[in-house]
Amino acid sequence: MQTSYLRPTYLEIDQQAIYDNVHHERERLPQSSQLFAVVKADAYGHGLVPVARVCRAAGASGFCVATLDEALVLREAQIVEPILVLGVTSVTTAAIAASQHISLTVADRDWLAAAAQTLAGKNNLPPLALHLAADTGMGRIGFTEPAELQKAAAFVLDHPETFVFEGVFTHFATADQTDLTHFQQQQAKFKQMLAVLPEKPRYIHCANSATSLWHAELAMNMIRFGIALYGLNPSGTVIPAPYPLKPALALYSELVFVKEIHAGDTVGYGATYTAPATEWLGTIPIGYADGWLRRMSGMAVLIEGQRCPIVGRVCMDQIMVKMPAKFPVGSKVTLIGRDGADEITIQEVATYAQTIHYEIACGLDNRLPRHYLPFDPD
Ligand SMILES: *Cc1c(COP(=O)(O)O)cnc(C)c1O
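Residues numbered from 1 in each chain as written. Predicted model: local features only at pLDDT ≥ 70, side-chain atom pairs only at ≥ 80, totals over all residues. Heavy atoms only, no water.

Digging into the pattern of salt bridges
- With the rule as written, the count across this model stands at 12 salt bridges.
- Within this structure, Arg-7, Asp-290, Asp-317 and Arg-367 form a network of salt bridges that share partners. (Salt bridge = Lys/Arg side-chain N within 4 Å of Asp/Glu carboxyl O.)

Listed below in C-alpha cells is the structure:
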C-alpha cells in the first residue's frame, strides 16, 4: 500500500530497545554461538533494513528471512553477513541465491537433485550454501527420516563445486510452553538425526527465541533470534522472560474530528452503536486497511492518558472513539505504547483480538510510515 507520510498516523520504532534486546541475548550466549537475527516479514512489521542494521551493531552475525526476495533486499542494502532463507525456495532461483551468497534451506532430496541440475555448468557461480532442515516434530518442512537426511548430506558433500554443506537445523513446535514432553521428544529426535551425518557442517541450530530464552543450553553454535529481539515474549504471558524484554514498537495517531453526540445517535457502518446519552466522540485516521482489525471494536486507545473505547465498527481507514471530555482536534492518540501512567501493549491488543502479538505486529500495513528513534551502541 502507499505509505502515507502526510497522514498523522505512524509507527515509532525504538531502535535502542532492539539494540538492548539483541545485546542482552548476545551477552548470555556462549562465545561459540552466533546470533542470527530473524528479520522476516519486514522484521515482524518493524522494518527490514533498519532493524537488520541495529541488530548487526548489537552483535548479530547473520540473518534469517522467509523468502529469497527479503534476502536480496538485505544484500542491496550492503548487509554482507550470512543470510539464511528459512522457507523452501524455488529451485529455479537457486542461481540467484548462489550469486548473492545467500544460504538456502533444503527440505527434501528431489529439491537437491533439481538444484544440482539447475546449477550444473554455471561455473562462474560461487557454490550454493545449504542448510538441511530436519523435521523432528514441527510437521512443516524437512527430512523426517535419519537415512534420508544422511543421503542428502552425502549428496551435498559429493557436489563440492555446486554446494557447500553449511548447516543443519530443526525447529521446535512447543518451545514456548511449560509442558516439555513434545519439546524433549523433538530434542531426542534431532540428536538421532545429527548422529547419522557423515560430517558436521559449520552451523548446527535449533533455537528460536523461546528455546534460547528458556533452554539456553540448546544454543549449539547458532540461534535464530526473532520475536524477543522486538521485545515481545514468545509465550505471550505464559512464561516470564529471564530478563526484561523491551518492546520496540509504538503506534500513534491524532484526533482529526471531534463532536458531541446525543442519546439515540448512531455511529459507524451498520449503526451498531447508539449513544445512550450526550457524549464526546472523536474520529482517528486508522482502520483495518492499516492492520487495525475490525475485531478491535470495543478496544481502547489512549488520549491524554485516558482510555477511550472504539465505538461502532472499525472502518477501512477510520475509527470513532468515545471520549470522557472534549479533547481538541490534533490531540495525540496512542494505540500501542505509553501515555502518562497508562500503557497499551501489543500483547493487550492481541489478547483483545484473540490472536498472538506476532500476528498483530506483522499485520501492521506499510501504509503506516515508520519513525525510527536513534540508538547509541554504547
Ligand atoms: C520464524 C522462525 C524463527 C524465529 O522464531 P521466533 O519465535 O520469532 O524467535 C526461528 N526459526 C524458524 C525456522 C522460523 O521460521
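Following the structure, the description resumes.
Considerations on the UniProt feature "domain: Alanine racemase C-terminal" (unreviewed entry) in the chain
- With numbering matched to this structure, UniProt assigns "domain: Alanine racemase C-terminal" (unreviewed entry) to residues 248-373.
- Along residues 248-373 the backbone is 11% helical and 40% strand, and the end-to-end C-alpha distance reaches 10 Å. (UniProt positions renumbered as here; feature names shortened; annotations may be inferred. Helix = DSSP H or I, 4+ residues; strand = E, 2+ residues; numbered from the N terminus.)

Examining the pairing of strand E17 (residues 319-323)
- Within E17, 4 of the 5 residues are buried, leaving the element largely enclosed by the surrounding structure.
- As paired elements, strand E14 (residues 279-284) and E17 share 5 bridges and run antiparallel to each other. Note that in E17 the partner of Thr-283 across the bridge is Met-320. (Buried < 20%, exposed > 50% of the residue type's maximum accessible area, 1.4 Å probe, protein only. Pairing = 2+ DSSP bridges.)

Some details on helix H6 (residues 109-119)
- Those residues of H6 lying buried are Trp-111, Leu-112, Ala-115, Ala-116 and Leu-119. Looking straight down H6, one finds that the buried residues subtend no more than 135 degrees of arc, so they occupy a single side. Exposed and oriented more than 90 degrees from the buried face of H6 are Asp-110 and Gln-117.
- In this structure, the buried residues of H6 make contact with helix H5 (94-99), strand E5 (103-106), strand E6 (128-134), helix H7 (146-158) and strand E7 (163-170).
- One side-chain oxygen of the residue at the start of H6 lies 3.1 Å from the amide nitrogen of Asp-110, identifying that residue as Asp-108.
- Gly-121 sits one or two residues past H6 and shows a positive phi near 85 degrees. (Arc of directions from axis to C-beta. Contact = heavy atoms within 4.5 Å. Polar contact = N/O pair within 3.5 Å; in protein donor to acceptor, adjacent residues only side chain to side chain.)

Looking at unusual backbone geometry
- Located in the positive-phi region is Ala-43, a residue other than glycine, with phi close to 55 degrees.
- With respect to the helices, strands and loops of the structure, Ala-43 is situated in helix H2 (residues 40-44).
- With phi around 45 degrees, Ala-271 is a residue other than glycine that occupies positive phi space.
- Within the secondary structure, Ala-271 sits in the loop between strand E12 (266-267) and strand E13 (273-274).

Observations regarding the sheet that holds strand E4 (residues 83-85)
- In spatial order, the strands read E2-E3-E4-E5-E6-E7-E8-E9; together these 8 strands close into a barrel with parallel pairing. Going from strand to strand, the sheet's axes swing by 30 degrees on average, the running direction of each strand aside.
- The pairing of E5 with E6 spans 3 bridges and is parallel. Counterpart to Thr-105 in the pairing with E6 is His-131.
- Seen against the sheet, helix H4 (residues 68-76) touches strand E3 (62-65) and E4 and runs at an angle of roughly 165 degrees to E4. (Axes fitted to C-alpha atoms, helices over the stretch in contact; angles between N-to-C directions.)

Some points on the environment of Thr-351
- Turning to its location among the elements, Thr-351 is positioned in helix H10 (residues 346-352).
- A sequence separation of 62 residues divides Thr-351 from Ala-289, and the C-alpha atoms of the two residues are 20 Å apart.

Comments concerning the site of the ligand
- In the region of the ligand, the neighbouring residues are Val-38, Lys-40, Tyr-44, Leu-86, Arg-140, His-171, Asn-208, Ser-209, Arg-224, Gly-226, Ile-227 and Tyr-358.
- Within the backbone of Gly-226, a nitrogen or oxygen atom sits 3.2 Å from an oxygen atom of the ligand.
- Backbone polar atom of Ile-227 to an oxygen atom of the ligand: 2.8 Å apart, as the coordinates give it.
- Expressed as a share of its isolated accessible area of 380 Å², the protein-covered part of the ligand is 92%.
- Class assignment of the residues belonging to the shell around the ligand gives a composition of 5 nonpolar, 4 polar and 3 charged. (Near = heavy atom within 4 Å. Areas by Shrake-Rupley, 256 points an atom, 1.4 Å probe, with all protein chains shown as cover. Nonpolar A, V, L, I, M, F, W, Y, C, P; charged D, E, K, R; others polar.)

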